[in-house]
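Structure at a glance
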Amino acid sequence: MRSDPSAFPILEGFPEPVFLLNEHRQIVVANKAGAMLSAALGGTEAAEGLRLGEALGCVNVANGPDGCGTGPQCPHCGAGRANRAFGIKSGEYGGEFRLRSAREGVESAQTFNVHLSPVRLNGSTLRLCTLTDITAEKSREVLDNIFFHDVLNTAQAVQGAAVLMPGLEDAEELDRLAHIVSTSAAALVSEIQSQRDLLRAEDGELTLSLAPVSVSALVTETAELYRQSRFGAGRHIDVAPTPLNDEVVTSRVHLSRCVGNLVKNALEASRPGDHVTVRVTGATDAVVIDVHNPAVMTEAVQAQVFQRFFSTKGASGRGLGTYSVRLLVTRYLGGTVAFVSNEAGTTFTIRLPRGTVR
């Protein structure tokens, strides 16, 4: 294939990464942009012979018995779906391709539009695969949704309460409105700081303020906050008894956000009357936080839980909750995040080392 003089000029005419794939989904040749992408994400410019996920450092490659395309997450991959459709009937196929890649132990997340079209070359039908990076576009959708919906709603609550306060003589009603203003303003500041910190975390520029933290006290405060929120309406949050020694050296602000995200997700997955349980347990070298709800996730949801921009709510501009928890806990707090979902419900687990975060 490398000797065909017509292949390279055509591929280099594309500004985005382009790969020619054979019937086994292996890369036959890549243009310069494709080779650069493979080098940046997967650590190799020599992508020929590799499948797309292998060339781009997909973290799910290791989960399959035969690499890219054979793991439990692969049926839900946008590039995989396009390739399977092409294999059934040659034609043009595309979709959204969410990629979690890892290089030298550091993960990153990108979202591409993937497009496959047939190309006849040397008597064979190959797949012309183009990747258009839409990560920035998806990030803007998230920010638009958050700042034009969530933040606006919170700001309107502050405004509404503030308008009613002047002239009120009922001390009890005045205290109620003052509480709304205070909690809503705090939520507003927290949401803005959370989005700012997420951007910094993705760029590797987030700095932490570390101090000894009582995890049980933090969990109790977080549970109370969400009991009073709209997410907790009609639902119960139970905090299980905790061990005496539950202290870790960590960033209180960022751990609180991670636990809060898991509690909010659990509440949203629950039905009215359901119980969400938060439990802190201790081990010699670590403290463990479990957040349980009775809902069961489908296999499709489980396969995509930590993907950036994946949301079970079916709306664009969402899907940063579990992704941000995993990013903060694993890259910055020195811990791990995992989950189990079965007939007993769904439990997310954060495990934090007792030592100082490096």
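Looking now at the pairing of strand E1 (residues 18-21). Neither face of E1 is open: one carries Val18 and Leu20, the other Phe19 and Leu21, and all of them are buried. With 4 bridges joining them, E1 and strand E5 (residues 124-133) adopt antiparallel strand pairing. Bridge pairing in E5 places phenylalanine 19 opposite cysteine 129. Linkage of E1 to strand E2 (residues 27-30), two consecutive antiparallel strands, is achieved through a turn of 5 residues, within which arginine 25 is found at a positive phi near 70°.

Phi at arginine 25 is positive, roughly 70°, even though this residue is not glycine. Mapping arginine 25 onto the fold places it in the loop between E1 and E2. Overall, arginine 25 belongs to the partly exposed group, its relative accessible area being 22%.

This paragraph deals with the sheet that holds strand E11 (residues 336-342). If you trace the 5 strands from one edge of the open sheet to the other, you get E7-E9-E10-E12-E11, paired in mixed fashion. A strand with exactly one partner marks an edge of an open sheet, and here the two such strands are strand E7 (236-239) and E11. The average angle at which neighbouring strand axes cross in this sheet is 15°, direction not considered. Examined bridge by bridge, E11 and strand E12 (residues 345-353) share 7 bridges and lie antiparallel to one another. Residue pairing across strands places valine 340 opposite threonine 347, the latter belonging to E12. Packed onto the sheet, helix H7 (residues 215-227) meets E7, strand E9 (275-282) and strand E10 (286-293) and runs at close to 170° relative to E7. Helix H8 (residues 252-269) rests against E7, E9, E10 and E12 of the sheet, and its axis sits at about 20° to E10.

Once that is clear, we can look at the sheet that holds strand E4 (residues 106-121). What the 5 strands build is an open sheet, ordered E2-E1-E5-E4-E3; its pairing is antiparallel. The open sheet has two edge strands, E2 and strand E3 (93-103), and neither has a second partner. Pairs of neighbouring strands in the sheet enclose a mean axial angle of 30°, with direction left out of account. Its contacts with the sheet put helix H4 (residues 78-88) on E1, E3, E4 and E5, and the angle it makes with E3 is roughly 135°.

A few words on the nonpolar core. Counting 42 residues, the largest nonpolar core has Val263, Ile289 and Ile350 as the members making the most contacts within it. Those elements giving two or more residues to this core turn out to be helix H6 (171-202), H7, H8, E9, E10, helix H10 (321-332) and E12. It is H8 that contributes the most residues to this core, 7 residues altogether.

If charged atoms from side chains of opposite charge come close, those side chains can pair. Evaluation of the coordinates by the stated rule reveals 13 salt bridges. Across the pair aspartate 197 and arginine 196 runs a salt bridge, and its minimum N-O distance is 3.3 Å. A relative accessible area of 6% means that aspartate 197 is categorised as buried. With a shortest N-O distance of 2.5 Å, arginine 257 and aspartate 197 are connected by a salt bridge. In this pair, arginine 257 sits in helix H8 while aspartate 197 sits in helix H6, placing the two residues 60 residues apart along the sequence. As far as burial versus exposure is concerned, arginine 257 and aspartate 197 are alike and both buried.

Counted at 1.5 Å a residue, the expected span for H7 with its 13 residues is 18 Å, and the 18 Å between its end C-alpha atoms agrees. Those residues of H7 that are buried are in contact with strand E6 (211-214), E7, strand E8 (247-250), H8, E9 and E10.

Each value, and the rule that gives it
Residues numbered from 1 in each chain as written. Predicted model: local features only at pLDDT ≥ 70, side-chain atom pairs only at ≥ 80, totals over all residues. Heavy atoms only, no water. Buried < 20%, exposed > 50% of the residue type's maximum accessible area, 1.4 Å probe, protein only. Helix = DSSP H or I, 4+ residues; strand = E, 2+ residues; numbered from the N terminus. Pairing = 2+ DSSP bridges. Axes fitted to C-alpha atoms, helices over the stretch in contact; angles between N-to-C directions. Contact = heavy atoms within 4.5 Å. Core = buried A, V, L, I, M, F, W, Y, C linked by side-chain atoms within 4.5 Å. Salt bridge = Lys/Arg side-chain N within 4 Å of Asp/Glu carboxyl O. Expected span 1.5 Å × (residues − 1).

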